[in-house]
Amino acid sequence: MPEHAALPPAMARHAAPVAPGSQCVELRRLNHAVARSIRTLSGLGVLFVLAPFVFHGEFQITFLTLALYVTLLGVAWNMLGGFAGQYSFGHAIFFGVGAYAAAIVQVQGGLNAWFGWVAGMCLGGLAGAAVGAVSFRYGLRGSYFALVTLAIAEVCRIIANSISITGAGVGMMIPLQPGLAHLQFAGKLGYYYWILAMVTVALALSSWVRHSRFGAALAAVRDNEESARALGIDATALKVMASALSGALMASAGVFYLQYFHYIDPTLVFGPAVSVQALLAAIVGGLGSVLGPLIGAIALAVLNEIGAHLFGGIPEFSMVLYGILLILIVRFMPHGLARGVAPLVRRLRGASGRREDTAGA
Amino acid sequence: MNRAEPLLEINGLASGYGPIGILRAITLSVRAGEIVALLGSNGAGKSTLIRTLCGLLTPSAGSICWLGRDIAGASSQSIVAAGLVQVPEGRRIFPNLSVQDNLLLGSYRRGRAARQANLAAVIERFPRLGERARQAAGTLSGGEQQMLAIARALMAEPRLLILDEPSLGLSPKMVDTLFELISQLHRQGLAILLVEQHVAQSLALASRAYVLENGAMAFSGTPAQLLASDQLRRAYLGV
């Protein structure tokens, strides 16, 4: 194998005889990957932008809106759980921080909802960085990290339940002021396009992470942290960054929830239901894939409707269906629906670089 | 570069996992451009020593001087950036990433131009890896994976390359190829600290050897001295 005598890289640094051929290898691949995902995402974007013209009933719009909202939860969770391999059971932390920050800015601060959105995202990102820094600095992983996030979410719920700035157990209601200036919409369609815009940005961010050096390093840390560290990769810093991104996305979903329902309380935003929805969408759809959370969220939304139709009398019955779905997925499709349903996607993503020109994600 | 100049000088090093001490009073040095063999039976502390050198474990006592600077307790990323790079035992490539991504991660901390230059140089040295650049690394054969692990370490622009049992699990033919590669790297001026079970082949390449026993240095000297000492041969090498 090592027949060719070449300068070791230590010397190549000085001599630097760059072979133009291999230099292009990396560039070409990145361009392909990026072009491919831009094509896929814009195609999907157009479909979703046009969808309300076909499915214009109130029920259909609400269905699509909530599916996109769960997608955003899943994309946020996937950023840390899928790309960095750190499974959180308490992503409601960031959701709640975002929702409460936006509500406090509007109600207590009397400021505009847009400012609340920005504040919510920033605080959510900070909370993500803080939770990540505290956990990863001390080497928490696997089930320990899951338990710590679960516990922090519960602590947040209890704090929100007891202090006055969050309205304690009564919760908070934001003033009803329909209009884009206040991020409230008279009809359902406004919310639909808002969440669509957020999901599009979140998916684009995901796609960038997946194909970037940052994403490759995250995957290396996920697959073998010690080996990554031995290469000089700062595993802790990378995981903290992923956690911050994840927190910011989760927080913007929290802001959406606030603006959509106008009301939050500690259990609604810090309770386990949000965390479970986020991780289910990502795991059911496909951990670490860009479009997985979208597919997972649509599957959950469909299941939810089926549950409501068949067992409408039993509240929260969809949770039972979710549980069954999770068991089936983990047992029969551990890579999620994205790969189970569309093996094409897998082939494109896999080893062969020959089929790059076919569309896929 | 002055060949006598020590790259790495370890003095009185003690290390281990938490309160459990494994290494005691370790002294070792590697000069620029030389191959040093580190031998010892399983459990003697070789991997612990390497993990400590690379910043994955924090030493409890002693000094690790790298290019005249004490790096004991420094972060693994700053140690790698300074040119002390290991190829961990058992290869530890990233199976789900492409061969190319594995390689590029070796140069993670370098600028784009340096990454590309390193990639070009490494692919020229290992044409096989170039052919399989886009394949998932997990699909490579064991020998190719070891070459990838070494190539990835070369991407980090090492001045001293630490190879931890690189021949583990390789076919005899592949072991020969591996030792040929090591001697080639050596001829090109790279210093190498070689931890190996293939004692005879390692000693043939090395200019000096150390033997670790139960966490302490039991021998240091030239391969000839080591081979001449019957006791050492019987006790540690089984040759």
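Refer to the structure printed above.
Residues numbered from 1 in each chain as written. Chains lettered and ligands numbered in written order. Predicted model: local features only at pLDDT ≥ 70, side-chain atom pairs only at ≥ 80, totals over all residues. Heavy atoms only, no water.

Asker: Help me out: how do you make sense of the overall build of chain A in this one?
Answerer: Looking only at helices and strands, chain A has 16 helices and 2 strands in total. In chain A, buried positions account for 52% of the 361 residues. Here the analysis covers contacts within chain A between residues at least 6 apart in sequence; of these, 76% occur between residues at least 24 apart. When the accessible surface of chain A is totalled, it reaches about 15,800 Å², and 71% of it is carbon and sulfur. (Helix = DSSP H or I, 4+ residues; strand = E, 2+ residues; numbered from the N terminus. Buried < 20%, exposed > 50% of the residue type's maximum accessible area, 1.4 Å probe, protein only. Contact = heavy atoms within 4.5 Å. Areas by Shrake-Rupley, 256 points an atom, 1.4 Å probe, with all protein chains shown as cover.)

Asker: Just checking my understanding: could you explain the sheet that holds strand E2 (residues 20–31) of chain B for this structure?
Answerer: Residue and element names in this part refer to chain B. With antiparallel pairing, the 4 strands of this open sheet are ordered in space as E2-E1-E4-E5. Two strands bound the open sheet, and with one partner strand each, they are E2 and strand E5 (69–70). Direction of pairing for strand E4 (residues 61–66) relative to E5: antiparallel, over a ladder of 2 bridges. When the bridges of E5 are listed, Cys65 appears paired with Asp70. (Pairing = 2+ DSSP bridges.)

Asker: Mind showing me how you'd approach the pairing of strand E6 (residues 84–87) of chain B here?
Answerer: Sheet faces and side chains relate simply in a regular strand, where the side chains alternate between the two faces. Residue and element names in this part refer to chain B. Burial of E6 is two-sided: the residues Leu84 and Gln86 facing one way and the residues Val85 and Val87 facing the other way are all buried. Relative to strand E7 (residues 160–164), E6 is paired through 4 bridges, and the arrangement is parallel. Each bridged residue has a counterpart across the sheet, and for Gln86 the counterpart in E7 is Ile162.

Asker: Looking at this structure, I do not really get the packing of aromatic side chains. What am I missing?
Answerer: The way to describe two aromatic rings as a pair is by their centre distance and the angle between their planes. Counted under the stated rule, the structure contains 19 aromatic pairs over all chains. Measuring from ring centre to ring centre gives 6.3 Å for Tyr69 of chain A and Phe95 of chain A, while their planes differ by 65 degrees; the resulting arrangement is edge-to-face. Taken together, the residues Tyr69 of chain A in helix H3 (residues 58–81) and Phe95 of chain A in helix H4 (residues 92–107) connect sequence positions 26 residues apart. Of the two residues, Tyr69 of chain A and Phe95 of chain A, both sit in the buried class. Grouped by ring-pair contacts, the aromatic residues Tyr69, Phe95, Trp114, Trp117, Phe185, Tyr191, Trp194, Phe256, Tyr257, Tyr260 and Phe261 of chain A constitute a single cluster. Over the face of the ring belonging to Tyr138 of chain A we find Arg137 of chain A, whose NZ or CZ atom lies 5.4 Å from the ring centre. Across the ring face of Tyr108 of chain B, the terminal group of Arg213 of chain A is positioned such that the distance to the ring centre comes to 4.6 Å. (Phe/Tyr/Trp six-rings, centres within 6.5 Å; stacked < 30°, edge-to-face > 60°. Lys NZ or Arg CZ within 6 Å of the ring centre and 35° of its normal.)

Asker: How should the pattern of salt bridges be read in this particular structure?
Answerer: A side chain with one charge can pair with a side chain of the opposite charge if their charged atoms come near. On inspection of all chains with the given rule, the structure shows 11 salt bridges over all chains. A salt bridge links Glu226 of chain A to Arg51 of chain B; the shortest N-O distance between them is 2.4 Å. With Glu226 of chain A in helix H9 (residues 225–230) and Arg51 of chain B in helix H1 (residues 46–53), this pair bridges two chains. Arg51 of chain B gets classed as buried once you look at its relative accessible area, which sits at 17%. (Salt bridge = Lys/Arg side-chain N within 4 Å of Asp/Glu carboxyl O.)

Asker: I keep staring at the nonpolar core and nothing clicks. Help me out?
Answerer: Nonpolar side chains in soluble globular proteins generally cluster together in the buried interior. With 99 residues, the main nonpolar core has Tyr69, Phe95, Trp194 and Ile264 of chain A together with Leu105 of chain B as its most contacted residues. With near-sequence residues (within four places) excluded, Tyr69 of chain A lies in contact with Phe95, Ile195, Ala253, Phe256, Tyr257 and Gln277 of chain A. (Core = buried A, V, L, I, M, F, W, Y, C linked by side-chain atoms within 4.5 Å.)

Asker: Help me understand helix H13 (residues 292–310) of chain A in this model?
Answerer: Helix length check: H13 of chain A, at 19 residues, gives a terminal C-alpha distance of 27 Å against a target of 27 Å (1.5 Å per residue), a fit within 8%. Of the positions making up H13 of chain A, those classed as buried are Gly292, Pro293, Leu294, Gly296, Ala297, Leu300, Ala301, Leu303 and Gly307 of chain A. (Expected span 1.5 Å × (residues − 1).)

Asker: Is there a simple way to think about H4 of chain A in this case?
Answerer: Residues separated by three or four positions in an α-helix point in the same direction, a consequence of the helix having 3.6 residues per turn. Over its 16 residues, H4 of chain A extends 21 Å from the first C-alpha to the last, a length consistent with the 22 Å expected when each residue adds 1.5 Å. Along H4 of chain A, 15 of the 16 residues are buried, which leaves the element largely enclosed by surrounding structure.

Asker: How should I be thinking about the side chain of Arg157 of chain A in this particular structure?
Answerer: Among the secondary structure elements, Arg157 of chain A is positioned in helix H6 (residues 142–162). Setting aside anything within four residues of it in sequence, one finds Arg157 of chain A in contact with Pro266, Thr267, Phe270 and Gly271 of chain A.

Asker: What should I look at first to understand the environment of Gly142 of chain A in this one?
Answerer: Of note, Gly142 of chain A is situated in helix H6. Since its relative accessible area comes to 46%, Gly142 of chain A is described here as partly exposed.

Asker: Is there a simple way to think about the environment of Ala219 of chain A in this case?
Answerer: Relative to the assigned elements, Ala219 of chain A resides in helix H8 (residues 213–223). Residue class for Ala219 of chain A comes out buried when judged on its relative accessible area of 7%. Every residue in contact with Ala219 of chain A, bar those within four places of it in the chain, is listed here: Phe83 of chain A together with Leu97 of chain B.

Asker: Even after reading the chapter, I still don't get the packing of helix H6 (residues 142–154) of chain B against helix H7 (residues 172–187) of chain B, so can you show me in this structure?
Answerer: Think of two packed helices as two axes; the pair is described by the angle between the axes and how far apart they sit. Residue and element names in this part refer to chain B. Packing of H6 against H7 leaves a shortest axis separation of 10 Å and a crossing angle of 15 degrees. The angle between the axes of H6 and H7 places the two elements in the roughly parallel class. As H6 packs across H7, the resulting crossing turns out to be right-handed. Residues Gly143, Glu144, Gln146, Met147, Ile150 and Leu154 of H6 form the contact with H7, whose own contacting residues are Met174, Thr177, Leu178, Leu181 and Leu185. When grouped by side-chain class, the residues that make up the contact of H6 with H7 number 7 nonpolar, 3 polar and 1 charged. (Axes fitted to C-alpha atoms, helices over the stretch in contact; angles between N-to-C directions. Parallel < 35°, antiparallel > 145°, perpendicular 65-115°, else oblique. Left-handed = near helix turned anticlockwise from the far one by under 90°. Nonpolar A, V, L, I, M, F, W, Y, C, P; charged D, E, K, R; others polar.)

Asker: Help me understand the side chain of Glu157 of chain B in this model?
Answerer: All names here are of chain B. Following the sequence through the fold, Glu157 ends up in the loop between H6 and E7. Note on Glu157: relative accessible area 2%, which makes it buried. At 2.8 Å, the side chain of Glu157 forms a polar contact with the side chain of Asn118. (Polar contact = N/O pair within 3.5 Å; in protein donor to acceptor, adjacent residues only side chain to side chain.)

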